[in-house]
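Structural characterization, general
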Amino acid sequence: QVQLVESGGGLVQAGGSLRLSCAASGSTFSIAVMGWYRQAPGKQREPVARITTAGSTNYADSVKGRFTISRDNAKNTVYLQMNSLKPEDTAIYYCLVIDNKLNTYWGQGTQVTVSS
């Protein structure tokens, strides 16, 4: 089992920046992929970015060039640096971990609100 605790959400004006963090505990030796999803009101949850243990990254087209995902394997923590935020980035952001047996774990979510 893996437990996830997110932090760093909040309210920011358009054009501003936020940094989300997600710390994993428990069976962290089994973690393969860490990432972030988001869910806006009335919409389905969608992928934002993911990063493998080796550091390979993948981003949604809507955030490319603005968001950067990084990972500290020693601290079992994944970060999402969000720059040039837009009102359409407003959502609950969820941390995701996939282990080497393809089990999926979710964080509790953190609210990001971007005002225009």
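Relevant structure appears above.
Attention in this report is confined to the structure presented alongside it. (Residues numbered from 1 in each chain as written. Predicted model: local features only at pLDDT ≥ 70, side-chain atom pairs only at ≥ 80, totals over all residues. Heavy atoms only, no water.)

**Let's talk about the environment of Arg19**
Of note, Arg19 is situated in strand S3 (residues 18–26). Among the residues examined, Arg19 registers a relative accessible area of 45% and is labelled partly exposed. Between the C-alpha atom of Arg19 and that of Gln81, which follows or precedes it by 62 residues, the distance is 4.5 Å. Sequence-distant contacts of Arg19, that is, excluding residues within four places in its chain, are made with Ser7, Gly8, Tyr79, Leu80 and Gln81. (Helix = DSSP H or I, 4+ residues; strand = E, 2+ residues; numbered from the N terminus. Buried < 20%, exposed > 50% of the residue type's maximum accessible area, 1.4 Å probe, protein only. Contact = heavy atoms within 4.5 Å.)

**What to know about the state of the cysteines**
Per the stated rule, a full pass over the model turns up one disulfide. Covalently, Cys22 is tied to Cys95 through a disulfide, its sulfur atoms 2.1 Å apart. The disulfide joining Cys22 to Cys95 has a torsion of about -85 degrees about its S-S bond and is therefore left-handed. Placement of the pair is Cys22 in strand S3 and Cys95 in strand S9 (residues 91–99), with a sequence separation of 73 residues. For the pair Cys22 and Cys95, one class covers both residues: buried. (Disulfide = S-S within 2.5 Å.)

**Here's the deal with the pattern of salt bridges**
Following the criterion strictly, the structure yields four salt bridges and no others. Taking the shortest distance from any N to any O, the salt bridge between Asp89 and Arg38 comes out at 3.0 Å. A residue pair is termed long-range when its members are at least 10 positions apart, and Asp89 in the loop between strand S8 (77–82) and S9 and Arg38 in strand S4 (residues 31–39) qualify at 51 residues. Comparing Asp89 with Arg38 shows no difference in burial state: the two are buried. Two residues, Lys64 and Asp61, come together in a salt bridge whose shortest N-O distance is 3.1 Å. The class of Lys64 is partly exposed, set by a relative accessible area of 49%. (Salt bridge = Lys/Arg side-chain N within 4 Å of Asp/Glu carboxyl O.)

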